[in-house]
Structure formats: structure tokens, C-alpha cells
Amino acid sequence: MNIMNILTQPVSLSHYLVVGAVLFVCGVICMTAKRNLLGVLMGIELALNGANVNFVAFSSRFLRADGQSAIGLDGQCMALFVIVLAAGEAAVALAIALCFYNNCTTIDVDQASELKG
Amino acid sequence: MESAVLLPRLLGLAWLLPLGSFAAIVLVGPRMGKGGRGAGLLATGTILASFLLAATALGVWLGGHPISAGAQDATGQHRLAAGSDHPALPGSGTHGAPPHAHPAAPESIEPVSGDWYTLARFGSLRLTIGYYIDALTVAMFFMVTLVAACIHFYSLGYMREELHEVTDPLVTLPSGEKLNRPGRFARFFQYFSLFCFSMLGLVIAGNLLMVFVFWELVGICSYLLIGFYFERQSASNAANKAFIVNRVGDFGMIVGLMAIWGTLGTLTFADTKDHAGNVRQAGIFSQVRPAAAGYALRVPDGMVRFAARFEIEQIGKQAQEAKGSAPQMAPWGRDRALPSKPGLPATESTIVPREGHAARRSNPALSILSVGVGESEIASRVPLWRAQGYGYWLLVIAGLGIFCGCVGKSAQFPLHVWLPDAMEGPTPVSALIHAATMVAAGVYLVGRCYPLFTPEVLLLIACIGCVTLFIAATIAMVATDIKRVLAYSTVSQLGYMMLALGVGGWVAGLFHLFTHACFKALLFLGSGSVIHACGTNEMPALGQLRRKMPWTAYTMLVGCLAISGAGIPLLGGPGGFGLSGYYSKDAVLAQLRLFKQSSPLGGWLFYVAVAGAGLTAFYMFRLWYMTFAGPARNKHIYEHAHECPKIMYIPLVVLAVLATISGWSVWGTGLSVPAILEQARPAGTAAGVAGGLLLPDVALPPESLSHDPAIHTPAAAIALVMALLGFLLATAFYGLRVLDPEAARRRLAAVYWLLRNKWWFDEAYQVLFVRPTLRLSAWAAALDTRAIDWFLDHSVRGVRALATLDDWVDRLFVDGLVERMARWTHGLAIHLRGVQTGNLRHYVMQIVIGMVALFVLLSLYWSYAASGWGLY
């Protein structure tokens, strides 16, 4: 199946999965490429939200071929969990960032290499 | 009953107080005041408190057992008369009882005895901390604490220099300097307290084991105090000598104790009673001199049975065969089945089977012998065996063993060599230990165990005492060291005591012990102040000191008069009037004179003792004249001499008063030392001791007869004349100097030579015992180094070679493997280290790449799995 085919199809689960994958890959690239710690955090948020899109899409009743929901609201619940988790993670990570800045007057992650073996 | 409760508490407290002082000084002694001064005060205070308690106890005792006026002379007579009224009790006709002696009346004064604490129990042997309190115990407590208190006070002054650093002029270090050491004031009083505790424990002891324990404690205190200046070679040698010589005696004592325990099953003096007053276990005294036999000396059932054990075995076998029963060697059940009537008091005639029963049960060796069968036959045969002399030698061994210990401790003839050397200790030690109390322990024990001694043993005691008294007195005549004169005098006076005890003068011997304690402590303390003032013991360097130290000189004169037995016969009564030694020595001599009438040997003993009286006066006055009279022989010493401080001469005055009055009786009451002692006379000895199996002729006369003026007055007169002769001779030689000692020495060169060398006892022991022992030990040491060490060396070498091999294997294989693995792991870790860059983005990349790789692998796996692994 080629990618142009998808564009010609009506919106289905695959489209959502493609969006999720794109979001995830963007997040990962952001994580690896950014030297700014806040950028890295944003990459993490992107990756998490990519996953969230997948959860919600898999769980959606309207996207199933038979129109029946077999999963119920489990995906949505999981997405909410991930959002809360992401909020917590952001709080901790920002605190780390602050501390890091206090110590090194920078938030360049390349400077944080004290754990080098 | 009041005194039975009160006396153990009073005396027990008086006994334990010095222990408390000892413990306190051990823990914090040197920190008590400056240089440990507080330790001295504490020790003195506790002994003073003990003295007050002992005095109270004496008052309680006399309150419970008053002495009527004139009782001193009449007691013995009265008792004899009362004894003859008694019909001979059944059982007293056995051989142990002397055929001609009347069974004495039961003792009216029973000792207060009991146990404070049971240490251990082995079968029927109970090891207890017990007490046995009679008039002798109470009087000894009074005397020991009184003399010890005086000596403690004196020591506070005498040992003052120990408060600071001491430079000992007699010890030269290898560097050539004199030894400089810290003072040992606290330590001195610590030992003193321990000594007082041991001596009082010995006196109050209720059983022979406790006696032995405190006996040894006294010995160790003596060792510690003789070796007080242990840096001096002579002092440490003397301490060793005293200790080792005493061990020789103690060996005999242990033999005696084992003979008693092994056959009688108990070491307790008195009967053990339960709360109702019934006898649970008969004590030594009531087994040897049972009340049922009129307190006559009788070989106890236990000893008879032990001696006749083979016959008993035979009877048991026969009885079993007669019964036809299977051999049944379970004596315990049968034993219990025997009718033992615990409700009956010891005076009942049933005591005989019960006694044997108890003894047998206590002794496993005997219990095997008695198989339970034929018991009635055995019991009926015991009197017969006893009459045949079974077990008599056991009694003799027990007595000899105990006396052997006393020979060591009281420095009697073969073992007297330690006492003069013991003068190396500080002078108060000599006064306390080697004059007044420790050496008295032996005499005390002979007095305490008196009921045990058979006539043969007593005769041996008398002979030993006699020899000791003579030898020591002769050596004292030529000794020039002031303390050695006193030491030999002590040995000699102890000989008197033993002699008196050996010929039946129980009260006389112990009375002399009491008076001697007072005047010998006085004399030693006096010599101590002379040494303190002059710094030398040698009498030829002294002289004329009475002008410099009048208190010391005249109190010592009182002591000399007392020990010489100065008195005026026929003044103030039939006994005469004199210082304490006059009474006690006369009592000894009167008893000897009585014995002389009944035995040919007695003549020798009597004449030697009389000669000893003369010698005593001679050497004592020789000492006094050489020290205090005549010209000052050494001007330098004389110039520096000075009277001792008050704390030292006041005890001298107190002891001088005691030495004067301790023989007197309180006016109008008859209360005197012999009267008190008379209350403690062992039951059954008032009528004399006789009827030994080995020497049936020997009969020790009853002491009461010696109070007869016909016996007593001539003895006193002869003693006084001899003492006067000695005194005059000493005066002629050393006081007026009309005779020249030098000339006499030349004339009697051989005798002088003999005496000056102390009869060569030390040399003889050196040759006979010390050198062979040293040679034996040298030989053993050679064996040790040549053979045993050689063997050990070689076996060690083999073990070493084996260990080297093992070491090599260990290093090469075991360690090699482990080390190789460690090195490999280390190398891997070094390589992997590069992955850990510390860079966050690298980690993220690794995660991503890892995930992608995982994903690719999984999809490959799945596609292969879906296509059936590509096999088809």
C-alpha cells in the first residue's frame, strides 16, 4: 500500500495511526536533536501525545469497521493517565532543569556529561 | 536462745568488715586521700569496729554463760566429780574409751553453730560457710581484733614514708642507682585488711574445709606481706620460702582432711541440725567423741567400717548366698529401706547404726562395700572390730595430718625455718602475722581439733613442741638481729604452746597463746620503733637508746618481763602475782610437772621446758640490754635516734598494759582468760586423754589436777628461779658487763658455732631438698630442651614444608583461576565504559536505535514465523 493510497481513502484508523507515528517520530527527533533541555521536554510531550493519539484511535467506536466497540473507554482512560503522567513528569523535569541551571548556568544538555563513564 | 542468734551476727559482721575494707582499698585505695592515706584510716577504722563488735560479742557470751567467782580452779574438779557420778553408759566400754577414765559429764555449754550459706553439695558432703562459736572463738576474736587494732594504729605511723615516693637503699638497680618507687601505703593496709579477714574467718569457721580455705588465705597474705619490699632479693626469697614451707605442711593437712571426709563423710565440727533441733548429720566431734560414749575418744563407725571394708564385703556376700537371691548390687534402695530415725537426738543409743549409715551413704566407696544385706550383722560386729583396733590408724592419720598443717603454719620443729626469714617484711607485719595471730592459727587449730587427737598424736605434738622450744631458744641466744631474736623467741614460745597442748594442758596452751599475742606484739612493735629510729636491725650497733626513746624502752622492758614470766609467788593468793607470762608459763609448766609424774618421758619434757624458761629470760634481757642499756656503740646512729611519734608509742603502751594484765582475773568475779577458755574445753578432754592403742601406757593427766598447789607452786618456783638465773646471766654479760661475752664465746666456740649457724637447718634443707629439687628441675629442663623441643622443632619443620607446597598450589591454580576471571571482567568493563558517555542525547539515540532494531528484528521474526520459517 502506498502512501498516496491513504490520501485517497476515507478517514480511518490508519490515518490516525499515521498522525500518531508522525507525532512520535517528531518527538523522538526533537529529543535527540535539541540541545536545549526545554526542547527535549517538548519532544517528550510530543512522543507521549503521539502515543495518546494511537490509544484514542484504537479505542474509538467510529473508526471500527463493524461500528461496534469492543474496547470500550479503556483507551481514553489510558490517554488521560498519560496526560496526568506527562504533567507530573513535566513538573519533575522542570525542577531538574532549574537545578541544572542553578549549578551550570545553562540548560544545554550536552554540558550535562558528569555521568560519563 | 538470744545469744545463739546474736553471736553469729556480731561475729559475722566483725569478720566481714575487714573484707569490705579490703575490697574498697583494692578498688579505690591509691586515690583515697594523699598517697592513699585514707586507705590506712579505713582499714584501721574497720578493725576498730570489728574489735568493738567482738567486745560486744564477748559481753553477750559472758552474759549468757557467766563465770562464777573462783570457777577457774574449781571447774575441772567439779566436772570430774560430776562425771564420776554418772554411771558408765552402754557403749562406752569399747576400746576407744580409756579403761580408767571416768566418762565426763555432758558439756553444759554447747557451742553456737550453724551455716550461713551453702556453697555446694556433693552427695551428702555439704560445703558451707558456717560458724562454730564457743568461748574460744569469742576470746580469739577479741584478742585478734584488739592486737590487730593496736598494730594498725602503729602502722599508720610506721608506714608513713610509704605515702611518698620511696628510695629503697637496699635495692641497687643495674644502672647503679638506688631503686626509686611509688609509695605503697594503700597496698599495705589492703593486705592487712585481707589478713584480718582471713584470720577471723579461720577462727569462726564451722568446718574444716572453711578452715583450710582461710588457712591458705592467711598463707597468701603472709606471702604478700613478707614480700612487701619485693624488689629486695632477700624479701622475695623469704616470701617464697614461707609459702613453700607452708605448702609442705598443708600437704599433710589435706591428707588429714581427706582421711576425715573419706571416712566420716563430713567436715563440719558440730552436728548439723534441722529447724526442729534434730540432728541431721553428726559432726566430726560428736562422731569421734559421741555423747553416748560419755565423750570418750572412740574410733568412729565410719573409720571402723572403712578399715574393715573387706570383712564387710565378705559378710555381704555370705548373706547374699544364704538368701540365695541373685546378686543385687543396688545399695541405694536397700539403704533407704533401712530404718533411719531422724527424729531421735544424737544422745540416743540408736546413733550407732545411724552414724554408720550416714557415713556410708556419703562415701561411694563405702556404699559399694555395704550391699545392704547383712547390715545388722555388720552393725553388731562394729564394736568388736573397734576393739580389735580397726580404723585406729585412720584416726591417727587424721590427727597427724591436721597437726602437720599446724607444724607448717606455727613454725614447729622441722618446718620452723621460714619464720625467722619472714622478718624481711615491715615490722608491723612481723608483729601482726608472725607473732600475734597467723602463727597462732596453728596452735588454735590444734586446740580446736583437740578432740580428734589420740594420745600418740598428742605425745608427738608435745615432743615436737619441746624440740622446737629448745632449738629456737638456743638460736635466739646468739642472734644479733633484733627481729630475729624475737622471731626465734616466737618459735620457742609456740613450742611451749604445742608442748602444753600435747601433754593435756588445753587451757594452759591456749592461755599462753593469748598472753603471748599481747607481749610479742608489744616486743615486735618496740623493735619496730627501734628500727624506725636507727635504721638498722643489728643490736651490736645499738645501745643506750633508753635515754633517747624512753617510751619504747620501758614498754619493751614490760614485754621482756612478761615473756620471761616475772612474778612473785605466794603474793596475793596461792598462784602468786605477776605479769601475764607468769601465769601462762606456770600453767604450762604445772601441767608438764603433772605429766612427769605419770610418764618417764614427761621428765625430759619438763626439764627442757624449764631450761627454756631460763633461756627465754636470758635472750630477752640480752636483747634489752644490748639495745637500750650500755654505751652507745655507734655514735652516729645514737645521735640520730629519736622517740617515735605518738601514734606509734600509744599502741605500745596499750599493749604493755595488756601484757601486764591479761593474766589477771577481774577482781571478785573470777573472770579471766583461762576461766573463759575453760568454758570451751572440748567435751570429754577434762578427764585427760588416755588409752591409745599404739602406746597404751601413755595417759595425759586431766588439767584440773595441775591447779593443785602441790603441783603448781613448785613448778612456778622452778620456772621463776630459772628465769631469774637467765636474767642474772644476761645482766652479768650485757647489763653490768662483769662477764665478757667474747670470752664465753671463745670458751664455747663449738656451741657458738652451732648456734650461730642455726643448727644448720637451712644448710641441711639446702642439701637435702633444695639442691636435689633444683637438680631434678635442671634435668627436666634439659630433657625438655633436648628431647621434647627437638622433636617439636623437627615436626614443625615438616609442617612448614607441607605448607610451602600448599602455598604454591594455591597461588598457581586457585588464585590463578580467580585472578584470570577478574582480569577478563575488568577488560570487558573497560571496553563497555565508552558507551556511558554521560550525554543525554546519546542515550536517547541509543534507546531509539535499540527500539528500531528490536522492531526490525521482531518484524523479521514475525514474517519468518508467518511463512513457516522459510523452510517450505
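Predicted model only: the values in this text are computed from it and were never measured. (Residues numbered from 1 in each chain as written. Chains lettered and ligands numbered in written order. Predicted model: local features only at pLDDT ≥ 70, side-chain atom pairs only at ≥ 80, totals over all residues.)

**Points about the overall build of chain A**
Each helix and strand counted, chain A has four helices and zero strands in total. Each principal axis of the C-alpha atoms in chain A carries an extent, and together these give about 55 × 30 × 25 Å. Evaluated residue by residue, chain A yields a buried proportion of 17% over its 117 residues. Taking all contacts inside chain A whose residues are at least 6 apart in sequence as the whole, residues at least 24 apart take part in 49%. (Helix = DSSP H or I, 4+ residues; strand = E, 2+ residues; numbered from the N terminus. Buried ≥ 20, exposed ≤ 12 C-beta atoms within 10 Å, placed from the backbone. Contact = placed C-beta atoms within 7 Å.)

**Notes on the overall build of chain B**
When helices and strands are counted, chain B shows 32 helices and ten strands. Partitioning the intrachain contacts of chain B with sequence separation of at least 6 by distance along the chain shows that 79% fall at a separation of at least 24.

**Focus on helix α4 (residues 135–158) of chain B**
Between its first and last C-alpha, α4 of chain B extends 34 Å over 24 residues, near the 34 Å set by a 1.5 Å rise per residue. The element α4 of chain B is extensively covered by neighbouring structure, given that 24 of its 24 residues are classed as buried. (Expected span 1.5 Å × (residues − 1).)

**Side note on the interface of chain B and chain A**
Note: interface size is frequently given as the accessible area lost on complex formation between the parts. The interface of chain B with chain A comprises ten residues on the first partner and twelve residues on the second. For the side of chain B that touches chain A, a count of residues per class yields four nonpolar, four polar and two charged. (Nonpolar A, V, L, I, M, F, W, Y, C, P; charged D, E, K, R; others polar.)

**Comments concerning the nonpolar core**
Residues and elements named next belong to chain B. In this structure, Ala521 and Ala609 are the most contacted members of the largest nonpolar core, which totals 265 residues. A total of 19 residues in this core trace back to one element, the largest contributor, which is α4. Apart from the residues lying within four places of it in its own chain, the contact partners of Ala609 are Cys466, Leu469, Tyr496, Leu499, Val588, Leu589 and Leu592. (Core = buried A, V, L, I, M, F, W, Y, C linked by C-beta atoms within 7 Å.)

**Overview of helix α21 (residues 506–534) of chain B**
Residues and elements named next belong to chain B. Taking 1.5 Å of rise per residue, 29 residues should cover 42 Å, and α21 covers 41 Å from first to last C-alpha, within 8% of that figure. Of all bends in α21, the biggest is about 30°, found at His516. Burial within α21 is extensive, with 28 of its 29 residues counted as buried. Looking at the residues trailing α21, positive phi occurs at Gly535, about 75°. (Bend = angle between axes of the 7 residues up to and from the residue.)

**So, the packing of helix α2 (residues 13–33) of chain A against helix α32 (residues 840–866) of chain B**
At a minimum axis separation of 8 Å, α2 of chain A and α32 of chain B run at an interaxial angle of 145°. Side by side, α2 of chain A and α32 of chain B meet where Val28, Met31 and Thr32 of chain A of the first sit next to Arg841, Val844, Met845 and Val848 of chain B of the second. Per-class residue counts for the contact of α2 of chain A with α32 of chain B are five nonpolar, one polar and one charged. (Axes fitted to C-alpha atoms, helices over the stretch in contact; angles between N-to-C directions.)

**Here we look at the environment of Thr825 of chain B**
Residue and element names in this part refer to chain B. In this fold, Thr825 is placed in helix α31 (residues 761–832). Taking the C-beta count within 10 Å as the criterion, Thr825 has 10 such neighbours and is therefore assigned exposed. When the C-alpha atoms of Thr825 and Tyr625 are compared, they prove to be 100 Å apart, with 200 residues separating the residues in sequence.

**Let's talk about the pairing of strand β3 (residues 166–172) of chain B**
Residue and element names in this part refer to chain B. For β3 and strand β4 (residues 178–181), the ladder comprises four bridges, and the chain directions are antiparallel. Bridge pairing links Thr167 to Asn180 in β4. Once β3 ends, the chain turns through five residues before running back antiparallel as β4, passing Gly176 with a positive phi of about 95°. (Pairing = 2+ DSSP bridges.)

**Focus on the pairing of strand β2 (residues 125–133) of chain B**
As a general feature of sheets, a regular strand has side chains that alternate between the two faces. Here strand β1 (residues 112–122) of chain B runs beside β2 of chain B; their pairing, made up of nine bridges, is antiparallel. Paired with Tyr117 of chain B across the strands is Ile129 of chain B, a residue of β2 of chain B.

**A closer look at unusual backbone geometry**
Residues and elements named next belong to chain B. Even without being a glycine, Ala411 presents a positive backbone phi close to 55°. In this structure, Ala411 sits in the loop between α15 (392–409) and α16 (418–421). Even without being a glycine, Trp760 presents a positive backbone phi close to 55°. Taking the C-beta count within 10 Å as the criterion, Trp760 has 12 such neighbours and is therefore assigned exposed.

**Brief notes about the packing of α21 of chain B against helix α26 (residues 646–661) of chain B**
All names here are of chain B. Following both chains from N to C, one finds α21 and α26 inclined at 150°, their axes separated by 8 Å at the closest point. Classed by the angle they form, the pair α21 and α26 counts as roughly antiparallel. Relative to α26, the crossing made by α21 is left-handed. Contacts from Cys518, Phe519, Ala521, Leu522, Leu525, Gly526 and Ser529 of α21 reach α26 at Met648, Tyr649, Pro651, Leu652, Leu655, Ala656, Leu658 and Ala659. Counted by class, the contact of α21 with α26 contains 13 nonpolar, two polar and no charged residues. (Parallel < 35°, antiparallel > 145°, perpendicular 65-115°, else oblique. Left-handed = near helix turned anticlockwise from the far one by under 90°.)

**Description of the confidence of the model for chain B**
Caution applies to low-pLDDT parts of the model: their predicted coordinates are not meant to be read in detail. Residue and element names in this part refer to chain B. In this model, chain B carries a mean pLDDT of 83, and residues with pLDDT of at least 70 account for 88%. Predicted confidence is poor over residues 326–362, with pLDDT under 50, and the contacts of this stretch with residues over four places away or in other chains come to 68 contacts. Of the regions scoring below 50 in pLDDT, residues 367–371 engages in 17 contacts with residues more than four places distant in sequence or in other chains. Across the interfaces of the predicted complex, the ipTM metric reaches 0.84, alongside a pTM of 0.74. (pLDDT = per-residue confidence, 0-100.)

**Looking at the environment of Val751 of chain B**
All names here are of chain B. Within the secondary structure, Val751 sits in helix α30 (residues 749–756). With 14 C-beta atoms packed within 10 Å, Val751 lands in the partly exposed category. C-alpha of Val751 to C-alpha of Thr474: the two residues are 277 residues apart in sequence and 9.8 Å apart in space.

**As for the environment of Val588 of chain B**
All names here are of chain B. Relative to the assigned elements, Val588 resides in helix α23 (residues 580–598). Given 31 C-beta atoms within 10 Å, Val588 falls into the buried group. Placed 327 residues apart in sequence, Val588 and Trp261 show a C-alpha to C-alpha distance of 33 Å. Leaving out residues up to four positions away in the same chain, Val588 has contacts with Tyr496, Leu499, Ala500, Gly505, Ala508, Gly509, His512 and Ala609.

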